[in-house]
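So you can see what is in the structure, the chains are spelled out below.
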Amino acid sequence: MVRLALLFAAFALAPHAVLSPSALAQGALEFMAIPPASTLTAVGDAGVGLPSAEPQAFIYNPAQLTAADESHVTLGVVAPTNWLPALSADLAFSSFAIAANLAPEKTGLPVRLGVGLARGKFDLGPQEYRGEANEFLGSFDAFESYWALGVGAGFDLPIPIHLGFNLRRFTSRLTIDEDLNLLDAHALTLDLGVLAQVPVAQLAKWRSFDNTTGIVFDLAAGYSITGLGSTIRYEALGQTSEAYIHRRVRLGWSTLLGYDLDPGGGVLRVVAFTAAFQAERALLRDEEAGTYASPIVSPLGALLGSGEPTTFDPESSDLFPGNVAEWGHTGRRGGRLTVLEAVSYSRGQFDGDSFVCRDDCTTSGLTVSVGGLLRAYGSLYGRADLYRLGTHYDVTFIRTEHPFSEAFYGVTLRTALR
């Protein structure tokens, strides 16, 4: 047997549960909900309505692809990080993304265009396959992963509107057959998103005549729905199982308050504070009414069987015609303080039916921007050459704390397209 049941059971805080084929079919790709972006994770993972320059942001909301003002290409990497270190040293998540945003002057069209490519991977470590007499037959590296291709369009209206979609291809490798052939399961899903930005200070004419200095006060709101349109088929434990891929609906908003100043070397955002809020609803199960291995207590709890069948109570759940639907809810909020465009400190919190924590959990992060340091020095000390260099190129280092992982590190490389 594949030794994955212990991981799932401990992760869902149900140490005496065991994995069964029917229970496996009730939940799929749980680990693919791990946040892929360091800066957005630091604010409680409230990324759907918070415009972000991090390339992985389009996984939260594909409309993020055109949220930046200038044309640029950005590359982002989150190093492999051990999740649930107290349980196993083999569980590691990593992500990679590249995104490009082209303003109307680059496209020659009345819209800005964005495109992104990302990969997220959760390694479950080496697994053994044993026969009926517990004899060792072979081993393999188990993992779940996705590739995402995103496309976005932005409209530079008085209140800019951004639209986008992702296509994601999932791969799940959880077992092998008796002939030691790898049994990969695949699925294709669709994500949709919208993001609106309201430059309140600019519309209210609180800034300078040329709109370069003065108070910055922006509002933004976003909505996304991910995981549309697919199930994934497992060849698990000798039985073919079709599992529902969790659908997630996110609605959030954010506010930015800051001040732009031009000391002589270039416009510099001296200080900025961002607050973000998000409500999240995850469709954990959508199946025909009947008997299930166990009641759902958390998204990962869908993977666990209690041994004795339990009849699901439809009065405790939303209903679709002929089906039973089980939803989980999560609230997220966070804030970020940025000084001289160079150093940021973020802190966030989430609670509810989250896949990692049902009680309040706290996140935090520290970000250092090399480009921001160059712009700050160039602006304050009249070094136009350094200011231009920091505007054209940027390298950002991010360290994020999460309650159920070791500290993880990300780096973002950005170049402006002139």
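Going by the structure above, here's the rest.
Calculation notes
Residues numbered from 1 in each chain as written. Predicted model: local features only at pLDDT ≥ 70, side-chain atom pairs only at ≥ 80, totals over all residues. Heavy atoms only, no water. Helix = DSSP H or I, 4+ residues; strand = E, 2+ residues; numbered from the N terminus. Buried < 20%, exposed > 50% of the residue type's maximum accessible area, 1.4 Å probe, protein only. Areas by Shrake-Rupley, 256 points an atom, 1.4 Å probe, with all protein chains shown as cover. Core = buried A, V, L, I, M, F, W, Y, C linked by side-chain atoms within 4.5 Å. Contact = heavy atoms within 4.5 Å. Polar contact = N/O pair within 3.5 Å; in protein donor to acceptor, adjacent residues only side chain to side chain. Phe/Tyr/Trp six-rings, centres within 6.5 Å; stacked < 30°, edge-to-face > 60°. Lys NZ or Arg CZ within 6 Å of the ring centre and 35° of its normal. Salt bridge = Lys/Arg side-chain N within 4 Å of Asp/Glu carboxyl O. Patch = residues over 30% accessible without salt bridge, like charges linked within 9 Å, V, L, I, M, F, W, Y side chains within 5 Å.

Details of the overall build of the chain
Phase 1: If you tally the helices and strands in the chain, you get seven helices and 19 strands.
Phase 2: Scored against the burial criterion, the 418 residues of the chain give a buried share of 52%.
Phase 3: Only carbon and sulfur atoms are counted for the fraction: they give 61% of the accessible area of the chain, which is about 18400 Å².

Looking at the nonpolar core
Phase 1: Within the largest apolar cluster, 23 residues are counted, with the highest numbers of intra-cluster contacts made by Phe-122 and Leu-124.
Phase 2: Counting residues per element, the ones that place at least two in this core are strand 2 (92-102), strand 3 (112-130), strand 4 (136-155) and strand 5 (161-176).
Phase 3: Top element by residues in this core is strand 4. It accounts for four residues.
Phase 4: With near-sequence residues (within four places) excluded, Phe-122 lies in contact with Phe-31, Met-32, Ile-34, Trp-83, Leu-91, Ala-92, Phe-93, Ala-142, Phe-143 and Glu-144.
Phase 5: In this structure, Ala-37, Leu-40, Ala-57 and Ala-276 belong to the second largest nonpolar core, which totals eight residues.

Regarding the side chain of Thr-255
Phase 1: Its location among the elements puts Thr-255 in strand 10 (residues 247-261).
Phase 2: The buried category is assigned to Thr-255, whose relative accessible area is 17%.
Phase 3: Within polar-contact distance, the side chain of Thr-255 engages the backbone oxygen of Asp-218 at 3.5 Å.
Phase 4: Not counting residues up to four positions away in its chain, the partners in contact with Thr-255 are Phe-217, Asp-218, Leu-219, Phe-273, Thr-274 and Ala-275.

With respect to the packing of aromatic side chains
Phase 1: With the rule as written, the count across this model stands at four aromatic pairs.
Phase 2: For the ring pair Tyr-146 and Phe-170, a centre distance of 5.9 Å and an interplane angle of 65° mean the geometry is edge-to-face. Residue Tyr-146 is located in strand 4, and its partner Phe-170 is located in strand 5; the two are separated by 24 residues in the primary sequence. Summarising the burial analysis for this pair, Tyr-146 and Phe-170 share the class buried.
Phase 3: The ring of Phe-143 has Lys-121 lying over it, and the distance from NZ or CZ to the ring centre is 4.9 Å.
Phase 4: The ring of Tyr-146 carries Arg-168 above its face, with NZ or CZ at 5.0 Å from the centroid.

Focus on the side chain of Gln-278
Phase 1: Residue placement: Gln-278 occurs in strand 11 (residues 268-288).
Phase 2: Overall, Gln-278 belongs to the buried group, its relative accessible area being 5%.
Phase 3: Looking at Gln-278, its side chain comes within polar contact range of the main-chain nitrogen of Gly-47, at 3.1 Å.
Phase 4: Only 3.2 Å separates the side chain of Gln-278 from the side chain of Glu-280, close enough to count as a polar contact.
Phase 5: Once residues within four sequence positions are removed from consideration, Gln-278 is found in contact with Asp-45, Ala-46, Gly-47, Val-48, Arg-250, Leu-251, Gly-252, Thr-330, Gly-331 and Arg-332.

Quick look at helix 7 (residues 384-392)
Phase 1: For helix 7, the set of buried residues is Leu-386, Tyr-387, Gly-390 and His-392.
Phase 2: If you follow the buried residues of helix 7, they end up packed against helix 6 (370-380), strand 18 (393-401) and strand 19 (408-416).

A word on the pattern of salt bridges
Phase 1: Enumeration over the complete set of coordinates arrives at 12 salt bridges.
Phase 2: Across the pair Asp-45 and Arg-332 runs a salt bridge, and its minimum N-O distance is 3.7 Å. Of this pair, Asp-45 sits in the loop between helix 3 (38-42) and strand 1 (72-82) while Arg-332 sits in strand 15 (residues 323-339), placing them 287 residues apart in sequence.
Phase 3: Given the relative accessible area of 8%, Asp-45 is considered buried.
Phase 4: By relative accessible area, Arg-332 is classed as buried at 7%.
Phase 5: Through salt bridges with shared partners, a single ionic network connects Asp-45, Arg-248, Arg-250, Glu-280 and Arg-332.

Topic: a nonpolar patch on the surface
Phase 1: Taken together, the side chains of Val-77, Phe-96, Ile-98, Val-115, Leu-117, Trp-147, Leu-149, Val-151, Phe-165, Leu-167, Leu-188 and Leu-192 make up a nonpolar region of the molecular surface, amounting to roughly 940 Å² of accessible area.
Phase 2: Examining the composition of the nonpolar patch, we find that three residues originate from one element, strand 4, more than from any other.
Phase 3: Positionally, Val-115 belongs in strand 3.
Phase 4: Assessed through its relative accessible area of 40%, Val-115 is described here as partly exposed.

Regarding the environment of Arg-168
Phase 1: Locating Arg-168 in the fold gives a position in strand 5.
Phase 2: Take Arg-168: its relative accessible area is 7%, and that puts it in the buried class.
Phase 3: C-alpha separation for the pair Arg-168 and Ile-59, spaced 109 residues apart in sequence, amounts to 9.4 Å.
Phase 4: For Arg-168, the residues in contact, after removing those within four places along its chain, are Ile-59, Tyr-146, Trp-147, Ala-148, Ala-187, Leu-188, Thr-189, Asp-191 and Thr-226.
Phase 5: Side chain to side chain, Arg-168 and Asp-191 meet in a polar contact 3.0 Å long.

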